[in-house]
Amino acid sequence: MTKKINSFSLKFDTDWQYAAAPESSEHVEIKDKYDLFIGSKFVQPKSKKYFETINPSNEEVISKVAEANGSDVDAAVSAARKAFPKWSKLPAKERAKYIFRIARLIQERAREFAVIESMDGGKPIKEARDIDIPLAAAHFFYYAGWADKLEYAFPHRKVEPLGVAGQIIPWNFPLLMAAWKIAPALACGNTVVLKPAETTPLTAMKLAELIQDAGLPDGVVNIITGAGQTGAALVEHPDIDKIAFTGSTEVGKIIQKAIAGTKKKATLELGGKSANIIFEDAAIDQAVEGVINGIFFNQGHVCCAGSRLFVQESIKEEVERKLKARLETLIVGDPLDKNTDVGAINSKKQLETIEAYLKIGEKEGLESFQVKSKLPKKGYYCHPTLFFDVAQSSRLAQEEIFGPVLAIQTFRTVDEAIEKANNTPYGLSAGVWTDKGSKAFNLSVQLKAGVVWANTFNKFDPTSPFGGYKESGFGREGGLQGLEGYLKVE
Amino acid sequence: MSSLKYDISRSPSIDQLGLIERANKFKTRSIKKEAKIEGLKLALNMIDLTTLEGKDTEGKVKQLCYKASHLHESMDVPNVAAVCVYPNMVAIAKKALGDSGVKVASVATAFPSGMSNLDVKLADTKMAVDAGADEIDMVISRGKFHQGEYDFVFDEIAKVKEACGNARLKVILETGELGTPDQVRRASDLAIHAGADFIKTSTGKISPAATMPITLLMLEAIRDHYYTTGKMVGMKPAGGISDAKTALQYLVMLRETLGQAWMSNEWFRFGASRLANDVLMQLAKQESGAYQSADYFSKD
């Protein structure tokens, strides 16, 4: 039980309500069916199979996409292999021009991409519009700039592209993850076969159209759709030089076993259970806002989500009261409404996973908090949820939920905060909230996480490397460091 | 400094970047259709229609008062909350407004600089109150605040509050002269503890005047005070809010920071001279579907 300071509470169910502000989807072009993008052409799958992709906000089928089988994967890898010699020998500044062109076309079509990203994945249009799509373009711009400067990135060393990269991306930031993967690979002179997640293939297929329009040489980028088996076929394909995977730790481990003893290089960006730590000297209101952003951004479908909150005991009540009040003003619902803060859960399966964790919390007897706002009748939705006084041994504190669920824990001393924050198999990110610079710097060294944010959270930039410690994976994406994963450096 | 009336070290620190980021988020709320009309009417009803010029005349103040109680002849719009004038204009405004329900607010305490002694400030306040002012907008001594003489600033506010009698006291911090968000938070807390009924950002004579981040942190100070004492304090951003869109963004911020209880002119005011006309123009547009010429709206 949390102690109540007093009963004074604010009422956010105001007379003045915001009217619906739906973003139009009329300008968006989505085909009934998408084939595989191999050798710069859209080709029917040899499997002859297609699967449906649905809108998680209303469970309606949006389109069908091809399911690539082993021979389809083989065709895609062959196309990439065939394109490699010419592409890798192209003057670097010419490669850069192609990548710049992709970046500019994404900007030109940003609105369409944003709406499709929101429809196919359930994320709020506000986030797709302001974060996913602009950042995707920014990654292409950034790595286009590196293409003819690789020798300067690794002075006095010889760099060469690896060859064909097999890239498997998740459903939480579909276009952005495609950009994270494709942009550095191309800049370094590799060719790629990319597989988007089965629940969110549409922006990748729109990207395929865009790449076709950009006039990239045939086979430099190939995009194939399918589920786990397609991914497995790609990983196991003998002519792949590099696997870049972003997804669950579970699948990451399978991939590592599959490529053990082969020539394949890998970068894996996996799960997380990241800690936000608030010290009593922090700017509390800004910290609370950062925590909210850290866990409810993209419905908590963020590998580096701040899903554990450590609050110094002296400010526990104040922080918890403010978190609860903040939940009252989060708008949960139709992702295409411009005022929506928390959209739809990406899939039925993921909703079931999250709900199972909510039950675990209940079973453990944890106190929780939700604002029971009205949700749309159809679609997959989950109320943002806080769990209080979560023990370090609780499954809610240990396992990645990948949903809008925050486990709140407390600490007394700096050392205790560090120990608890590091006491996890993961190590992707961490947030430190303090007014003391020295404390922030100390923690940035002590916390075993790929990214440590001080007095902010979930800040992404193409110039900044991103990646994990421990079971959150290895290799870095973004920045100068992101080039290394696509080069032989001698 | 052990006998502090308000210990400013009790005020929480503010992270400026986080504050700005949060304030900017309110701007992304899309306010359309009936929400827009309702919001605009609410904003109109929260305006302290202001004239604070050396060249103010009886005629000017009377015109302003007429406007305050007859904003637009053909549209169904509420009155503004108050007119805000110098102390020597209070009696004229009071008479001109009659029983319209529009309140008279008067600046006082050697507005805008506050560079005078307490006796003069109290006399200034009394003069306005005696002439019938419903509300007093005082300025704090920013110089003393910067010198660390917090008790001095506290006492001035407390004494002016006493001199106000039944009039409500708005305390102007002049945030544009305080330097940092941390200082604004300290001044807000100090003013609230000293007895302010409202805290107000600016005189309108200094740039920057009201901004969304600064108003947000003042709203948060009000919220924290409410959380610990259950007592409500009002908020008045003033200066620089001149268009309807900005006013709606402030209302969004108010709604999502303090909620229902503050959503009336009892607890929130816009100090503005030009805002009313833009809001009227937007309301007319919502009703007719087209923008009308600015010349259809009286410029006073």
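The rules behind these values
Residues numbered from 1 in each chain as written. Chains lettered and ligands numbered in written order. Predicted model: local features only at pLDDT ≥ 70, side-chain atom pairs only at ≥ 80, totals over all residues. Heavy atoms only, no water. Helix = DSSP H or I, 4+ residues; strand = E, 2+ residues; numbered from the N terminus. Rg over C-alpha atoms; globule rule 2.2 N^0.38 Å. Buried < 20%, exposed > 50% of the residue type's maximum accessible area, 1.4 Å probe, protein only. Contact = heavy atoms within 4.5 Å. Lys, Arg positive; Asp, Glu negative; His and termini not counted. Charge placed at Lys NZ, Arg CZ, Asp CG, Glu CD. Core = buried A, V, L, I, M, F, W, Y, C linked by side-chain atoms within 4.5 Å. Buried area = accessible area lost by both parts, 1.4 Å probe. Salt bridge = Lys/Arg side-chain N within 4 Å of Asp/Glu carboxyl O. Polar contact = N/O pair within 3.5 Å; in protein donor to acceptor, adjacent residues only side chain to side chain. Phe/Tyr/Trp six-rings, centres within 6.5 Å; stacked < 30°, edge-to-face > 60°. Lys NZ or Arg CZ within 6 Å of the ring centre and 35° of its normal. Disulfide = S-S within 2.5 Å. Right-handed = clockwise from strand over helix to strand, strands pointing away. Domains from an automatic or database assignment.

(A) Local environment of the overall build of chain B. Looking only at helices and strands, one finds 11 helices and eight strands in chain B. Taken over the C-alpha trace, chain B has a radius of gyration of 19 Å; the compact-globule value for 300 residues is 19 Å, and the two agree within 12%. With the C-alpha coordinates of chain B rotated into their principal frame, the extents come out at 65 × 45 × 30 Å. Scored against the burial criterion, the 300 residues of chain B give a buried share of 58%. Within chain B, counting contacts between residues at least 6 apart in sequence, those at least 24 apart form 76% of the total. Of the charged side chains in chain B, 38 are positive and 37 negative, and the gap between their average positions amounts to 3 Å.

(B) Local environment of the nonpolar core. Residues A:Ile102, A:Leu186 and A:Leu323 are the most contacted members of the largest nonpolar core, which totals 107 residues. Non-local contacts of A:Leu323, meaning those with residues more than four positions away in its chain, are made with A:Val288, A:Val291, A:Ile292, A:Leu309, A:Leu386, A:Leu406 and A:Ile408. In this structure, B:Val102, B:Leu216, B:Leu254 and B:Trp262 belong to the second largest nonpolar core, which totals 103 residues.

(C) Structural detail: the interface of chain A and chain B. Across the boundary between the two partners, chain A contributes 36 residues, which contact 38 residues of chain B. Roughly 3,200 Å² is buried in total at the junction of chain A and chain B, and carbon and sulfur atoms are behind 50% of that figure. It is A:Leu10, A:Trp16 and A:Tyr18 that lose the most area in chain A upon contact with chain B, and together they represent 24% of the buried surface on that side. For A:Glu289, the salt bridge goes to B:Lys25, with nearest N and O atoms at 3.5 Å. Across the contact surface, chain A and chain B share 18 residue pairs in polar contact (both at pLDDT 80 or more). Looking at the side of chain A that touches chain B, the elements that each hand over two or more residues are helix H10 (284–296) and helix H11 (316–328) of chain A. Per-element tally for the side of chain A that touches chain B: the top contributor is H10(A), with five residues.

(D) Layout of the packing of aromatic side chains. Tallying each qualifying case throughout the model produces 19 aromatic pairs over all chains. Look at B:Tyr250 and B:Phe270: their rings are 6.1 Å apart centre to centre, the planes differ by 75°, and that puts the pair in the edge-to-face class. With a gap of 20 residues between them, B:Tyr250 in helix H10 (residues 244–257) and B:Phe270 in strand S8 (residues 270–272) connect regions that are remote in the sequence. Each member of the pair, B:Tyr250 as well as B:Phe270, is classed as buried. Every member of this aromatic cluster is reached through a ring pair, and the members are A:Trp180, A:Trp453, A:Phe457, A:Phe460 and A:Phe466. Above the ring of B:Phe152, the side-chain terminus of B:Lys144 is found at 4.7 Å from the ring centroid. Sitting over the ring of B:Phe198, B:Lys170 keeps its end group 6.0 Å from the ring centre.

(E) Region of the structure containing the state of the cysteines. Residue and element names in this part refer to chain B. For the structure shown, the criterion picks out zero disulfides over all chains. With no disulfide of its own, Cys65 has Cys84 as its nearest cysteine by sulfur position, at a separation of 11 Å. A relative accessible area of 0% places Cys65 in the buried class. For Cys84, a relative accessible area of 0% translates into the label buried.

(F) Broad picture of the pairing of strand S18 (residues 451–454) of chain A. Of the two faces of S18(A), the one holding A:Val451 and A:Trp453 is buried and the one holding A:Val452 and A:Ala454 is not buried anywhere. Viewed along the sheet, the connection from strand S17 (residues 429–433) of chain A through helix H15 (residues 437–446) of chain A into S18(A) turns out right-handed.

(G) Quick look at the domain arrangement of chain A. Residues and elements named next belong to chain A. Looking at chain A, the domain boundaries give domain 1 (2–270 + 470–489) and domain 2 (275–454). Roughly 3,700 Å² of surface becomes buried between domain 1 and domain 2 when both sides are summed, with 53% attributable to carbon and sulfur atoms. Joining domain 1 to domain 2, the criterion identifies one salt bridge. Here Asp341 and Lys126 are joined by a salt bridge, their closest N and O atoms 2.5 Å apart. Where domain 1 packs against domain 2, one counts 21 residue pairs in polar contact (both at pLDDT 80 or more). Of all the elements in the fold, those that place two or more residues in the side of domain 1 that touches domain 2 are helix H3 (110–121) and helix H4 (125–146).

(H) The pattern of salt bridges, seen in detail. In total, this model carries 53 salt bridges over all chains according to the counting rule given. A salt bridge links A:Arg109 to A:Asp213, with the nearest nitrogen and oxygen atoms 2.8 Å apart. Placement of A:Arg109 in the loop between helix H2 (92–108) and H3 and of A:Asp213 in helix H7 (residues 202–213) is noted, with a sequence separation of 104 residues between them. On the basis of relative accessible area, A:Arg109 is assigned to the partly exposed category, the value being 24%. Connected via shared salt-bridge partners are A:Lys126, A:Glu289, A:Arg326, A:Asp341, B:Arg22, B:Lys25, B:Arg29 and B:Glu256.

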